[in-house]
Amino acid sequence: MVVESKVKGFICTTAHPKGCAESVRRQIAHAKTKGQVDGPKKALIIGSSTGYGLASRIAVAYGYGASTIGVAFEKEGRPEKKRTASAGWYNTKAFEELAAADGLYAKSFNGDGFSDEMKQQVIDTIREDFGQVDLVVYSLAAPRRTVTDKATGESKAVSSVLKTTGEPYTNRTLDLRTNEITEVTVPVATEDEIRDTITVMGGEDWEEWIRQLDEAGVLADGCVTLAYSYIGPTMTHPIYKDGSIGQAKKDLFETSKRISEHFSGKNVKAYVSVNKALVTQSSAAIPIVPLYISLLYKVMKNQGVHEGCIEQMVRLYTEKLPARETDAEGYIRMDDLEMKPEVQAEVAKVWEAVATENIAEFGDIDGYWEDFYQMFGFRYDNVDYSEDVEI
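About the thresholds
Residues numbered from 1 in each chain as written. Predicted model: local features only at pLDDT ≥ 70, side-chain atom pairs only at ≥ 80, totals over all residues. Heavy atoms only, no water. Helix = DSSP H or I, 4+ residues; strand = E, 2+ residues; numbered from the N terminus. Rg over C-alpha atoms; globule rule 2.2 N^0.38 Å. Buried < 20%, exposed > 50% of the residue type's maximum accessible area, 1.4 Å probe, protein only. Contact = heavy atoms within 4.5 Å. Core = buried A, V, L, I, M, F, W, Y, C linked by side-chain atoms within 4.5 Å. Axes fitted to C-alpha atoms, helices over the stretch in contact; angles between N-to-C directions. Parallel < 35°, antiparallel > 145°, perpendicular 65-115°, else oblique. Nonpolar A, V, L, I, M, F, W, Y, C, P; charged D, E, K, R; others polar. Disulfide = S-S within 2.5 Å. Pairing = 2+ DSSP bridges. Left-handed = near helix turned anticlockwise from the far one by under 90°.

Trainee: Help me get a handle on the overall build of the chain, residues and values and all.
Mentor: A count of helices and strands for the chain gives 12 helices and 13 strands. For the chain, the C-alpha radius of gyration of 20 Å lies close to 21 Å, the compact-globule estimate for 391 residues. Here the chain holds 391 residues, and the buried ones make up 54% of them. Restricting the contact set of the chain to residue pairs at least 6 apart, pairs at least 24 apart contribute 76%.

Trainee: Explain the nonpolar core to me, and be specific about the residues and the numbers.
Mentor: Counting 88 residues, the largest nonpolar core has Ile58, Tyr62, Leu135, Leu226, Tyr292 and Tyr317 as the members making the most contacts within it. Those residues in contact with Tyr317, other than ones at most four positions away along the chain, are Val37, Ser56, Ala59, Val60, Tyr64, Leu135, Val137, Leu226, Tyr228 and Pro322. Formed by 33 residues, the second largest nonpolar core is a distinct cluster that contains Phe114, Val122, Ile126 and Ala142.

Trainee: Residue-level account of the packing of helix α2 (residues 51–64) against helix α3 (residues 87–101), with values.
Mentor: One way to put it is that α2 packs onto α3 with a least axis distance of 11 Å and a crossing angle of 5°. Relative to α3, the element α2 lies roughly parallel. Facing α2, whose interface residues are Leu54, Arg57, Ile58, Ala61 and Tyr62, α3 presents Asn91, Thr92, Phe95, Leu98 and Ala99. Grouping the amino acids of the contact of α2 with α3 by side-chain chemistry returns 7 nonpolar, 2 polar and 1 charged.

Trainee: How would you explain the state of the cysteines if you had to name every residue and give the values?
Mentor: One pass over the full model with this rule turns up 0 disulfides. Cys20 provides the cysteine sulfur closest to Cys12, a residue in no disulfide bond, and the two sulfurs are 9.4 Å apart. Cys20 provides the cysteine sulfur closest to Cys309, a residue in no disulfide bond, and the two sulfurs are 14 Å apart.

Trainee: Hey, could you go over the sheet that holds strand β11 (residues 219–229) for me, with residue numbers and the actual values?
Mentor: Sheet strands associate in pairs through backbone hydrogen bonding, adopting either a parallel or an antiparallel arrangement. As summarised here, the arrangement of the 7 strands in space is β5-β4-β3-β6-β11-β12-β13, forming an open sheet in which the pairing is parallel. Each of the sheet's edge strands pairs with one partner strand only, and the pair in question is β5 (106–110) and β13 (332–333). Direction of pairing for strand β3 (residues 42–46) relative to strand β4 (residues 67–72): parallel, over a ladder of 5 bridges. Bridging across to β4, Ala43 finds its partner in Thr68. The sheet strands contacting α2 are β3, β4, β5, β6 (133–138) and β11, and the helix crosses β4 at an angle near 170°.

Trainee: With reference to specific residues and values, describe unusual backbone geometry.
Mentor: The phi angle at Asn267 is positive, at roughly 60°, despite the residue not being glycine. Considering the arrangement of structural elements, one finds Asn267 in the loop between α7 (244–262) and β12 (269–274). In this structure, Arg379 is a non-glycine residue whose phi angle is positive, near 65°. Take Arg379: it is sitting in the segment after α12 (365–375). Residue class for Arg379 comes out partly exposed when judged on its relative accessible area of 48%.

Trainee: Pulling in residues and values, what's your account of the packing of helix α6 (residues 204–215) against α7?
Mentor: To describe two helices that pack against each other, one gives the angle between their axes and the distance between the axes. Two elements in contact, α6 and α7, have axes separated by 9 Å at closest approach and are oriented at 25°. On the basis of the axis angle, α6 is roughly parallel to α7. As α6 packs across α7, the resulting crossing turns out to be right-handed. Along the contact surface, α6 presents Glu204, Trp206, Glu207 and Ile210, while α7 presents Asp251, Leu252, Thr255, Ser256, Arg258 and Ile259.

This is the structure we're talking about:
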């Protein structure tokens, strides 16, 4: 089947197996250039198939020489319906093959990372293959979660929302369908929506993973665990830092402190890494953020400080984490280059000047779209997209 990119809204509904494999190869190649440092050797990555999660798996495998278990929820290809698998499915298969070729253990589970059934499958495999894990990365990004009441056994689906809090917020955004700059008003989340967003995207499930791993005896003394967050500049605070998703991220940070305190007897340390704004399947859905990212890319590339997912994660795991480098609050700040005063001053300046007519001048619109398509395995110059591929 010849696979072409088909974009709908802020996602691509197809993925290219050879292009996804090329993406993984390039990320591994970057990780190899940095060499290895001393670090954890048995890692569990929850949410391991795309973006920061996939880059984390690559960074610890090649930065530490670690064996890795990955958990993700991805779709298989359906050749009879001419439907490709999801990008994360192809990424995972490519990583497993390339890691095996380099002599690295890599096993992956496909299913609901929120579920107790998945947790038990992973625990059984850790016990059998590893004994214990000394690194747990929680990078699960999902729009909804099925929650089961422990007392009644009843289950219900809970969804997150991308809304503000307090009052509606109006600002400009980039319409990804037309490359036009338009105005968008973000509505206010209800208390129920905020609570549900915290349930889906906060720290409850992260803490549950750690608790169950510990109770099963597969959490090593001195284990390190990380989750990811974003803060960003003032212009994005109403939709992110102070919005519904921001409330979930605050809960995530409080969870990190609670995990470290509760498991202090095992010397378990939990951190939240504040990462840079990048084109991911999650960020493309957030109003205002795509315009900010396109301007940020241009400024950071011009100043020579731009990083993608893999550059961020390699720096995190080979430099920041080994040094336990945090800010005064306890966050690991991987957004340190994004938030440099000279970067933010320039972004704020061009934010006032940018319009649809000059987006190519002030924003890195080509770079944004290149990153977008490459998430799904397209637009790699050494992949022949005219050939038949097995999906």
